[in-house]
Amino acid sequence: MLEGVLQGAQRAEAPVLISIAEVHTDQFDEATLLAATVEAAATASVPVAIHYDHGTTLDRLVRATQLGYTSLMIDGSHLEWAENVALTRRASELAHAVGLPLEAEVGYVPGEEGKDAELHPGAVRYTEPEEAEAFVTETGCDWLAVSIGTVHGRFRGEPQLDLERLAAIRARLPATPLVIHGGTGLSDEQFRALVAAGANKINYYTALVETAAAAATDSRRWDEQRLAAREAIAAEVERTCRVWGAAGRAEAAGAAAPRIEPVEHVIFFRWAEDAPDVTAMQTDGVATLGALPGVWRIAAGVAETPNASYPYLWTMTFATPEALAHFRTHPEHQHFADNRFRLFAPERITIDFHLTYGNGRCATPKSSRR
């Protein structure tokens, strides 16, 4: 799926957003997949964003900030208004603290059948234009998913889209990107109408799965099935990019969108002779500090060079400069640094690096932007 989406976007010269839904993260090792996704985004020839879709809790969003996602979603659309506002406001604060944008949802997009119906039960609740405006104002979210007649999964009947409602929401929120969940089953004419009425992002998953499955049925060999599925996904992504108007927009999007730029934070230090065990301190620090938002990687080390001037090391990779700034002032970091580290390491050198060369997930992605 990852390879097919990127191939299709690159053929269309379109910017693309890779979306991974929280509900699907039990199907694979998320950290391993994200490492591959970040590397693929870094080497793509078009701008690539990596989106955490339908997040349910703040703890899960914190985890997402540590893995390489470049945008987040909190979905409180099933909650009462006040609960949704409160949850989304806290999620906005978390996302913005580490320099990432947040998508949220008001109104309710149900699932049509099968697993989608289990995950998104109940009836549709259309987004009211005035509540959309109030929701963005009260929560500070950056993108807004709206309900205007789509469903998660594939439509069983004829889709009836309320394009006037979408246009009214756009009129009230001229600067807020609007998101359509449930794009499968719409005609090309309906997609073009959604874009014309103000949709900026369209989620498109079920159709890609169905396309891949259909292409893979012609062979019993796994390698042939995988290649056929990848090519079918690439072709459908290229087609939809052209239908939606994203084709040929890669350069313009890349010029307009800020890059996600990880920061390397390195500390060399000496440890006082009468201080507590340095190994225990470093072990506890990796566990404690590695759990904070925006920490992509944390490691502690000891010099191999005999009699090194600064024999101990911390090295950390932060998702963004904002994540490093947030880390410096975080109460848990302050408590650990003041009580476990600085007292016993008065001689230390701290350097922050912006990586400009190299490969791997710690290098600055060439195309990964929010």
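Residues numbered from 1 in each chain as written. Predicted model: local features only at pLDDT ≥ 70, side-chain atom pairs only at ≥ 80, totals over all residues. Heavy atoms only, no water.

**Student:** Describe the overall build of the protein chain, and please don't skip the residues or the numbers.
**Tutor:** Counting its regular elements, the protein chain contains 14 helices and 11 strands. Relative to the compact-globule value of 21 Å for 370 residues, the protein chain shows a C-alpha radius of gyration of 23 Å, a close match. Along the first, second and third principal axes, the C-alpha set of the protein chain runs to 75 × 50 × 40 Å. Counting all 370 residues of the protein chain, 49% fall into the buried class. Surface accessibility of the protein chain: about 17,300 Å² in total, with carbon and sulfur atoms responsible for 53%. Side chains of the protein chain carry 32 positive and 50 negative charges; the gap between the two charge centres is 4 Å. (Helix = DSSP H or I, 4+ residues; strand = E, 2+ residues; numbered from the N terminus. Rg over C-alpha atoms; globule rule 2.2 N^0.38 Å. Buried < 20%, exposed > 50% of the residue type's maximum accessible area, 1.4 Å probe, protein only. Areas by Shrake-Rupley, 256 points an atom, 1.4 Å probe, with all protein chains shown as cover. Lys, Arg positive; Asp, Glu negative; His and termini not counted. Charge placed at Lys NZ, Arg CZ, Asp CG, Glu CD.)

**Student:** Let's hear about the nonpolar core: which residues, and what values?
**Tutor:** By size, the foremost hydrophobic cluster in this structure holds 90 residues, and its most contacted members are Leu 144 and Phe 269. Per-element tally for this core: the top contributor is helix H10 (residues 222-244), with six residues. Apart from the residues lying within four places of it in its own chain, the contact partners of Phe 269 are Val 278, Met 281, Gln 282, Tyr 310, Pro 311, Tyr 312, Leu 313, Trp 314, Phe 341, Ala 345, Glu 347 and Arg 348. (Core = buried A, V, L, I, M, F, W, Y, C linked by side-chain atoms within 4.5 Å. Contact = heavy atoms within 4.5 Å.)

**Student:** Can you tell me about the pairing of strand E10 (residues 312-318), naming the residues and giving the values?
**Tutor:** Of all seven residues in E10, six are buried; the element is thus mostly enclosed. Of the pairings in the sheet, the one linking strand E8 (residues 263-269) to E10 comprises seven bridges and is antiparallel in character. In the sheet register, Val 266 faces E10, and the bridge partner there is Thr 315. (Pairing = 2+ DSSP bridges.)

**Student:** So what about unusual backbone geometry? Which residues, and what values?
**Tutor:** For Glu 13, which is not glycine, the phi torsion reads 55° and is therefore positive. Residue placement: Glu 13 occurs in the loop between helix H1 (2-12) and strand E1 (16-21).

**Student:** Which residues make up the sheet that holds strand E2 (residues 48-55), and what values do they have?
**Tutor:** Strand order in the open sheet formed by seven strands is E1-E2-E3-E4-E5-E6-E7, with parallel pairing between adjacent strands. At either end of the open sheet lies a strand with only one pairing partner, and these are E1 and strand E7 (199-202). Strand-to-strand twist in this sheet, taken as the mean axis angle between neighbours without regard to direction, amounts to 30°. Its contacts with the sheet put helix H2 (residues 30-43) on E1 and E2, and the angle it makes with E2 is roughly 150°. Its contacts with the sheet put helix H4 (residues 81-97) on strand E3 (71-74) and strand E4 (102-105), and the angle it makes with E4 is roughly 170°. (Axes fitted to C-alpha atoms, helices over the stretch in contact; angles between N-to-C directions.)

**Student:** Lay out the pattern of salt bridges with the relevant residues and their values.
**Tutor:** As enumerated under the stated definition, the model contains 18 salt bridges in all. Among the salt bridges present, the one from Asp 284 reaches Arg 340, with a minimum N-O distance of 3.1 Å. Taken together, the residues span a long stretch of sequence, with Asp 284 in helix H12 (residues 278-289) and Arg 340 in helix H14 (residues 331-341) at a distance of 56 residues. Among the ionic pairs, Asp 338 bridges to Arg 342, the shortest N-O distance being 2.7 Å. Residue Asp 338 is classed as partly exposed on the basis of its relative accessible area of 38%. Beyond isolated ion pairs, a larger network of salt bridges with shared partners links Glu 3, Arg 226 and Arg 230. (Salt bridge = Lys/Arg side-chain N within 4 Å of Asp/Glu carboxyl O.)

**Student:** How would you summarise H4 if you had to cite specific residues and measurements?
**Tutor:** With 17 residues, H4 should reach 24 Å at 1.5 Å per residue; the first-to-last C-alpha distance of 24 Å fits that figure. Looking only at H4, the buried set comprises Asn 84, Val 85, Leu 87, Thr 88, Ala 91, Ser 92, Leu 94 and Ala 95. (Expected span 1.5 Å × (residues − 1).)

**Student:** Please set out the packing of aromatic side chains residue by residue, giving values where relevant.
**Tutor:** Counted according to the given criterion, the structure contains 12 aromatic pairs. Pairing Phe 269 with Tyr 312 gives two aromatic rings, centres 5.5 Å apart and planes at 25°, and the pair type is stacked. Of this pair, Phe 269 sits in strand E8 while Tyr 312 sits in strand E10, placing them 43 residues apart in sequence. An identical accessibility class is assigned to Phe 269 and Tyr 312; each is buried. Each member of the aromatic cluster is reached from another via a ring pair, and the members are Phe 269, Trp 271, Tyr 312, Trp 314, Phe 336, Phe 341 and Phe 344. Over the ring of Tyr 310 we find Arg 270, and its NZ or CZ is 4.6 Å from the ring centre. (Phe/Tyr/Trp six-rings, centres within 6.5 Å; stacked < 30°, edge-to-face > 60°. Lys NZ or Arg CZ within 6 Å of the ring centre and 35° of its normal.)

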